[in-house]
Structure formats: C-alpha cells, structure tokens
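Structural features, examined
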Amino acid sequence: MMSGRRVVITGMGSVSAAGAGGMPAVAEALARRPATIAPVAAFALEGCTSRLAAEVDEARFMALLDPDSVRRLSRICRMTLAACRAAVKEAGLPGGARLGLVVGSEYGDFRSGAEFVDGFLRRGPAGLSPLTFPSTVMNSMAAVTGIAIDAKATSVTLNQATVAGDLAVARGVGLIADGRAEAVIAGGVDELFSHVYRNLARLGALSPMGGGAPEGCRPYAKDHNGPVLGEGATFVVLEEREAARARGADIHAEILGAAWGAIPVAPHSAPIRRRDARAIARRALDQAGVGAGALARCYGSGNGDPALDDWELRLLEADGMREPVSLASLFGQHAGLGALRVAAAALDARTGRAPSLVHGIARGGCRTALVIGRVA
Amino acid sequence: MTRVVVSGLGVVSPYGAGVKTFWAGLSTGECAIRPLTIIDTEGFRSRIAAEVPADVIGGLGVSRRRSRADRLALAAAREALADADLSPRDRTDMALIVGAVGGGMLEGESWYWDEALQPGSSPKIGALRSILPTSHSEVIGWRLGLGGPRETVVMACASGAASIAFGADLIRSGATPLALAGGVDAITRICFMGFNALKLLDPEPCRPFDRGRRGMSIGEAAAFLVLEDAEHCRSRGGRALGQLLGAGVTTDAHHVTAPHPEGEGMIRAMREALAAAGRAPGDIGYVNAHGTGTPQNDRVEALAMARVFGEGRVLVSSTKSLVGHTMAAAGSVEAAATLLSLQHGLIPPTANLRDPDPDVPFDCVAQTARPVEVDAALSNSFGFGGQNVSLIFGR
Amino acid sequence: MTQKEVLDELKALIVERLKFDPSRAAEMTLETTLPRGVEGSLGLDSLDFIELSVAMEERFGIVIDEAESLADDFVSLDTLSRFVLSKVK
C-alpha cells in the first residue's frame, strides 16, 4: 500500500500509566518497567468482578498543558492534546495545510456523552450543556488537537477495537503515500471511564473473565484470562522522508512496510483456525524487503484475551514468527498501546538493531502490520 | 491513472427503502421533515425530523434484534451490492469503509435511561455490544461476505463523504479493485438534544439559503456506493452509474463547531477536489451543498463557493431541505443524490426556499427540480471539528 | 435583585458551566471583559456564550432570544449583569 513516497518517524509523544512526554519518557518507561497495574482508584467498583487497571496520573499530562487553554476540554481530549503537542514539539514540526492527523480510539469520549445525558436526566432540557455536546462525537479529540497543532490537511478519526493505534499509524502512512498530507500525527487514545469499565466487566470482557486464575494481565501465557484496561494517548510523527530530510529533522526510524486489512470472521470472534488468505503481515515484510527470520523482534497486540492471544500466535507462526512481545502489562489495553509498540520499535531502530514488526489483530479480524527499521 | 467508477448504489431514506423511492422524493421536491415519533420531544424547541417511517424499518428484511442504525446500514449495503451485480469472488476482495457517528446509541440510550432510574434493572444490556460506530462495518462485512480491508471513520457530519474519498484512495493505490463506502446514522436522543441545546435547529422544516432561515432539521438514513476500478468494472461486464473524479479532504483547524468565517478549509477542499479531478471550476454545473439551513453555514458556504466558482456560476441546491441533515449518512446520501442528478439530467430542488437570501449569490433551485444536463457535479459535506470533504462526480 | 447579586451568580455560572478555576472567579469584577480577542478578557468564544446563555436562562428564569444581537451585552460582566436585570424586571 505504499507509493514511491517513503515514510519516517521524527517524533513521539505519550501519556500513559508509565509516564508522560516525548521520546525520553517513552524510553524510560520501556527501560524501567514501572508497575502500573493496580486496583482502580478513580471510581468505585463494588460488586464488580474486575478491579484492576493501568491508570494515568492526571498531574503528569496536565504538566504538559497550559491549564487556561484547556479549561473546557474533556479529559480524553486533554490526554490527546498533551501527547500530540509533545510529539510535534519534539519533531519541531510546523503546522499548516500539509499536516494531517489520524486518531484511533476504541471507546472515544463516553464520559462526555454520559455527562451530557445525565444533565437531561437530572434537569430536563434546561440541564443540557451545549458546551459538552461536541465532545459526544468521537472526532472531538482530533478536532481540538487539530486546532492546537494547526493540522489542516486530512484529519481522520477511526473507531476500532484493540488495534486502533496500529491502524491509525498504518492509515497515516497511507495518507502520505496518497499525497493527502506530507506529515501526519498518528496514534491512539482511550480513557478509563466507570460506566465502560463496569459494563465490560459485566459482559465478561475483562480479566478474570469469570475464570479461576487471579485477575491480571498475562499476554500469551497459559493462564491468561482476559485483558486489563489501561488508558492514555500515544502519537508518533510520520513524515515523508525527503521532506523530513530537507527540513533537517531528527529521523528516528523508517516505516519500511505497512499493510492493513481484515480477516473476514464473525463480529467479536477470534477463531484460532482461521488463516489470513491475504497474508497481510507478509505483505508488509515484502514491502520492507525483510524476511521473518531477519526481524529483531515482533511486537504483538496480544493482551491476555485468551482467544485473541492464541489466534495471534497461530497467525504469526504461519508467517514464520514466534514469541511476540506484548506491552500490555506495562501500559494496559487501550488504543494508545499500538502506537506505543510503534514507538518502541522506532527506539529499537535508533539503537541500530535489525527491523521489527509491529503486529496487530483484533476480534472481528482487523489485522495490521508495520515493519519499522533504521532509515536507509 | 486509475479511474474510479460507481457501479452500485443503495439508499434507505426518510422517503422509504431503495434508490428509486429516494429519487422519486428528491425529484418531486417532497419535504420529508415531520413531527418526531420515535423519541420523546417534550420540552424541546424543535420537535421535528426526517424519520424513516416505522413500516419501512419493519420491511427492510433485517432482524429487529439489531440496532436501528445497523438495520438501515445493512439494507442500504445490500441494495448497493445487488445493484452492482458482483460475484462472491468480487466480494471477497471488497473493502468496506463506513462513516458513522451515533452507532447503536438509540438502543444504548434506552438501556441507560432504564439504568438511571433503576440500576441493574435493564435487560437491554445487550444493546451495548452494538453501541459503537464499528458495529456497522462488523455487521455488514460479516453478513455480506466482504473480505477486504475494513474501516470505520468518525468525522461528524462529513463521515459519509469521507468514507467515499478514502474508498477511492484505496482503489487508486491498488490495494483493492472494489470498495463499499458510505455512511449511516439513526436518530438518537443525544443528537436531537444536543443540536437543540446548541440552538441550531429550526422549529419548522429547514430553509437552506433562505433569508429567514433559522437552523437545521435532523434526519436519518443510510447510503452506500460501490466504488470500483473502471477497468475492473469494464472487464467483468459491470455497468457504471458515473465516475468519482476526485475528492478533497481538509480541516479548518479553527473551532470545534463553528466553520472558519471565510470558509478557508471549505475552499481548499473544493479546490483539492477540482485538482484531483483535473477539472476547472467552470466544468462543474451543479453543487450539492452541505446547506444545513443554519444562518452561519449557508453564509460561509456561499462565500466559499463564490470564491471557488465565481458568483452565480453554478447551480446549487441542498438535499438537507428534503431529507434533513442525516448526520454521518449525509455525505453518502448526498453523493447518491448528486450521482442521480447527473444520471437523470435533473437537479433536485431546495425545498422551503421562498425568500432567497440576497447574500447568497447563486440560483439555489427553489422548490421545483430543474431539468439540466450537467457533465460534472460537486458535493460538499462539512462537519463539526472543521472537517471538510468535497466530492466530484462525473457522468 | 441587585447588580452585585447578579454578578455573584454570573461568576458562579462561569466557574460551573464554563469550567473556569474557582480562584479566577475571585478576581472577576464588573470591569472584567468577556469576548475572545479583547486584551485581558476571559477569552470566551461563541460556544461559551451559548452555554452561558442557556445557564443564565435557567438560573435567572429569563428568556434570551437568539435572534437578538447580543454582542454588546456580552462585552463585560457589567453589561451582562445589566442585561440580566433588564430581563428579570
């Protein structure tokens, strides 16, 4: 899916349970591996079968923002803005008609939706807040961020389970390849919200999924029993390679291959026997001119969801890859996780390692593959 | 360069099910905006909308267990695929791009209302599984056997148009020869209440480009286009309804709800579409406007159109005057209207336009459809967050 | 109501509905200007004004007709509180 235009990574910004900031913050989190998963502190969970999450410390992302200018922004918008601003600042990238934005999210701003509706339930029509309403549409994060970083080219918000961050980066590469932008800030964001958490637990979607083993995030392990949610925003700066060179940008890595598509399966399912007829991961490897055996590492999207973990392992094995590395236990499952894996691969590339594959697969079959290595 | 044609069309509109019904309503200029029945509107200033009638929903041939929006989407998608007469093999190659905002929120709201009154009570929790916008692409992709890349774009009122632009991009990049692209939105309480709260709704059916216009009218619909590589269509013996010549997708980066006061992003979107289509402004005979009927949108859009085309140099009309603002579906519903107007040589009117605003320097085809043969037409969709999409269709 | 009482209510609304920090409210006086683009103002834009109008309608039991041009009334807390008083009578 790539034209003659080559795409490089020139910056990153992240807000997560492990810290907030640009590349140094991400590198530190990956090196230090702080314990981030703990019982949820932000809201009560009596009667709930799940209790754990990787929560973001408010102070960390507010430190990256000017309080006055974010006064009316919802929490998820603030996280997005903090991460994107850090990324843009690090890259030294100017805004304008050639800067695009791709935001991936699984749950969007449910908090604002609930707040808006609660106003009506409490006080009828007079209780509705016009100011809150725009935040009930999932593109609000992109809208406020675009204004702040002056992203005037194509701005896209993608709704996708599990791999929204991966998909956003793949689509960002596509926008540059298609000529719709010269640079794109791409990544994912989700926040923890009580209603969403409680209902996911009720629906049996979170560890321990009604099972016997203790609640926890154990991707690919034999006793994996469901994902543990996290929250945060992580975005990478993608640029057309020659434009990045021309402006003297510090290039961290190149996206040597990018592919995305779907394995057609029933909604929400992860059928282990279903193969990928389109060989999406191999397509990315072919574009990169890299064989599976030559990869330094494969970052997988497995997050402890047993069916999904097992399906991913099977798919990767079919493509000649084993022992994927998950970052879910460090950051929790949220849309930013895919972009964090891209960031990790970019950091690997900086240290001169062989290229890495960032792989993503979601229930319902959305599959993404990004090969990231040193710029040629 | 790869040409992209439209080889199938499917629409469920407030007029009823099917493209024929849709065109019949548009061409006779029938306004489908009526008092709302599916939600309680007590206490709100504007209590009307363009609702898809209950008997139409019931007759769509989609299970009642699915959300209203999923039903609209699936029915429209089915019609488009049948219209394109594709083989199962073609379907396995087909990408799917869905523009959506509300998802299954109508049903989610029912559950939430029940829960607010009595926590833990509602049996409707299953509704949460299809509450997110991704629900439509999951259902459509699975039920219709589509095996290509799938994506759900949430770009407010520009979602339906953006999906078409991105579908065409996929085809041009060689990723797939076929894409089903379109948008859907069902009426939701949150949307109805929100636009009321922002005072953007007219208590009467909207009057785009009218001097006395006071706001929008909400609608609901689904529309899907089968986009196809022209060569692929030709070699399989498919028939093309028209071409997608080009698309511009830009962002104002100005304000979360208000457009840039000089339509800066709108102008760029239209110009990008023209450049992509390799057409000059003078080649465009008709603009299907975003035309919501709010004082601000229509004024700024008219300004932007004047800058791009020149005052009075193109016919303009607003489909929203007929079927309301169908939110995430609007871009694709109006793309369908634009294609049909090219095909039939008839420009649908702007309904309720009795006293044209003198600050709008265009003939907005007031009240009666106008027979005009046009070679190329442009459709605008502008969403919250300054999302601008312009699509250019040709015969 | 006195103008001072209206001012206090408006400050409370600005904190509650426009999400200003309560410490800012303490600094607000009748002279405080409101619209974005005015030096030293609270920097309110059209969305803030709609929110404030809705909040004022509810708090003071008044009706604000959006067809009216309200730009002059929303210049400062002084003009705004006078506007409210004129509607409450």
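Reading the values: the criteria
Residue positions are given per chain, counting from 1 as you read along its sequence in written order. For this description, chains carry letters from A and ligands carry numbers from 1, given in the order in which they are written. In view of the model being predicted, local features appear only for residues whose pLDDT reaches at least 70, and side-chain atom pairs are presented and counted only at 80 or more, with totals across whole chains, interfaces and linings using the full set of residues. Secondary structure elements are taken from DSSP: a helix is a run of H or I of four residues or more, a strand is a run of E of two residues or more, and numbering for both begins at the N terminus. The globule rule used for comparison is 2.2 Å times the number of residues to the exponent 0.38, while the radius of gyration itself is calculated over C-alpha atoms. Exposed residues have 12 or fewer other C-beta atoms within 10 Å of their own C-beta, buried residues have 20 or more, and partly exposed residues fall in between, where C-beta atoms are placed from the backbone. C-beta atoms are placed from the backbone for every residue, and two residues are taken to be in contact when these atoms lie within 7 Å. Side-chain classes follow a simple rule in which Ala, Val, Leu, Ile, Met, Phe, Trp, Tyr, Cys and Pro form the nonpolar group, Asp, Glu, Lys and Arg form the charged group, and the remainder, Gly included, forms the polar group. When DSSP locates at least two bridges between a pair of strands, those strands are taken to pair. Only C-alpha atoms enter the line fits that serve as axes; for helices the fit covers just the stretch in contact. Angles between N-to-C directions range over 0 to 180 degrees. Here the word oblique covers every angle except those under 35 degrees (roughly parallel), over 145 (roughly antiparallel) and from 65 to 115 (roughly perpendicular). Domain extents, as shown, originate in an automatic or database domain assignment.

**Describing the overall build of chain A**
Helix and strand counts for chain A come out as 12 helices and 12 strands. Computed over its C-alpha atoms, the radius of gyration of chain A comes to 20 Å, within 12% of the 21 Å expected for a compact globule of 376 residues. By its C-alpha atoms, chain A is 60 × 50 × 40 Å across when sized along the principal axes. Within the span of chain A, comprising 376 residues, buried residues form 64% of the whole. A fraction of 77% describes how many contacts in chain A between residues 6 or more apart in sequence connect residues 24 or more apart.

**Brief notes about the overall build of chain B**
Broken down by element type, chain B carries 13 helices and 16 strands. Computed over C-alpha atoms, the radius of gyration of chain B comes to 19 Å, within 12% of the 21 Å expected from 2.2 N^0.38 for 395 residues, which places it in the range of a compact globule. Based on the C-alpha atoms only, the size of chain B along its principal axes is roughly 60 × 55 × 40 Å. Expressed as a percentage of its 395 residues, the buried residues of chain B come to 66%. Counted over contacts in chain B with a minimum sequence separation of 6, partners at least 24 positions apart contribute 80%.

**Comments concerning the interface of chain A and chain B**
The interface of chain A with chain B comprises 50 residues on the first partner and 47 residues on the second. Among the secondary structure elements, those contributing two or more residues to the side of chain A that touches chain B are α4 (110–123), α5 (140–149), β6 (155–159), α7 (194–202) and β9 (253–262) of chain A. Looking at the side of chain A that touches chain B element by element, the count peaks at six residues for α5(A). Grouping the constituent residues of the side of chain A that touches chain B by class yields 29 nonpolar, 16 polar and five charged.

**Digging into the sheet that holds strand β4 (residues 48–50) of chain B**
Residue and element names in this part refer to chain B. If you walk across this open sheet you meet the three strands as β3-β4-β8, and the pairing is mixed. The sheet terminates laterally at β3 (34–35) and β8 (218–219), the two strands that pair on one side only. Here two bridges tie β3 to β4, and the two strands are oriented antiparallel to one another. The residue bridging Pro35 from the neighbouring strand is Ile48, located in β4.

**Thoughts on the interface of chain B and chain C**
The interface of chain B with chain C comprises seven residues on the first partner and six residues on the second. Grouping the amino acids of the side of chain B that touches chain C by side-chain chemistry returns four nonpolar, two polar and one charged.

**Quick word on the packing of α4(A) against helix α8 (residues 189–197) of chain B**
At their nearest, the axes of α4(A) and α8(B) sit 11 Å apart, and the two run at 75 degrees to each other. As summarised for this structure, α4(A) and α8(B) are arranged roughly perpendicular, according to the angle between their axes. Residue-level contacts link A:Gly113, A:Phe116, A:Val117 and A:Phe120 of α4(A) to B:Ile190, B:Met193 and B:Gly194 of α8(B). Its residues assigned to classes, the contact of α4(A) with α8(B) shows five nonpolar, two polar and no charged.

**Re helix α9 (residues 280–288) of chain A**
Residue and element names in this part refer to chain A. The complete set of buried residues in α9 reads Ile280, Ala281, Arg283, Ala284, Leu285 and Ala288. On the buried face of α9, the contacting elements are β9, β11 (356–361) and β12 (366–373). Gly289 sits one or two residues past α9 and shows a positive phi near 70 degrees.

**Here we look at the pairing of strand β1 (residues 4–13) of chain B**
Residues and elements named next belong to chain B. Of all 10 residues in β1, 10 are buried; the element is thus mostly enclosed. Sheet analysis places β1 next to strand β10 (residues 242–251), joined by three bridges and oriented antiparallel. Paired with Val6 across the two strands is Gly242, which belongs to β10. Relative to strand β9 (residues 221–229), β1 runs antiparallel, the two sharing eight bridges. The residue of β9 that forms the bridge with Val6 is Leu227. With two bridges joining them, β1 and strand β2 (residues 16–17) adopt antiparallel strand pairing.

**Focus: the packing of helix α6 (residues 164–177) of chain A against helix α12 (residues 336–350) of chain A**
All names here are of chain A. Interhelical geometry of α6 versus α12 gives an angle of 60 degrees and a closest axis separation of 5 Å. Looking at the two axes, α6 sits oblique to α12. Residues Ala164, Gly165, Asp166, Ala168 and Val169 of α6 lie in contact with α12, whose contacting residues are Gly336, Leu337, Gly338, Ala339 and Val342. Residue composition of the contact of α6 with α12, by class: six nonpolar, three polar and one charged.

**A closer look at the domain arrangement of chain A**
Residue and element names in this part refer to chain A. Along its sequence, chain A is carved into domain 1 (7–253) and domain 2 (256–373). Computed over C-alpha atoms, the centres of domain 1 and domain 2 are 20 Å apart. Of the residues lining the interface, 54 residues belong to domain 1; the matching set on domain 2 comes to 43 residues. Elements with a contribution of two residues or more to the side of domain 1 that touches domain 2: β1 (7–16), α1 (23–32), β4 (52–54), β5 (99–105), α6, β7 (183–190) and β8 (232–240). No other element matches the eight residues that α6 contributes to the side of domain 1 that touches domain 2. When the residues that make up the side of domain 1 that touches domain 2 are grouped by side-chain class, the tally is 30 nonpolar, 18 polar and six charged.

**Considerations on the pairing of strand β5 (residues 95–100) of chain B**
Residues and elements named next belong to chain B. With six of its six residues buried, β5 lies for the most part within the structure. Along β5, one buried face is formed by Ala95, Ile97 and Gly99 and the opposite face, lined by Leu96, Val98 and Ala100, is buried too. Both β5 and strand β7 (residues 178–185) contribute to a ladder of six bridges, which runs parallel. Note that in β7 the partner of Ile97 across the bridge is Ala181. Pairing of β5 with strand β6 (residues 150–153) involves four bridges; the strand directions are parallel. Across the sheet, the residue bridging to Ile97 is Glu151, located in β6.

**Re unusual backbone geometry**
All names here are of chain A. Omega for the bond connecting Ser207 with Pro208 falls within 30 degrees of zero, at 5 degrees, which places this linkage in the cis form. One non-glycine residue with positive phi stands out, namely Met209, at about 55 degrees. Mapped onto the fold, Met209 is located in the loop between α7 and β8. With a phi close to 45 degrees, Ala279 is a non-glycine residue in the positive phi region. Inspection of the secondary structure assignment puts Ala279 in the loop between β9 and α9.

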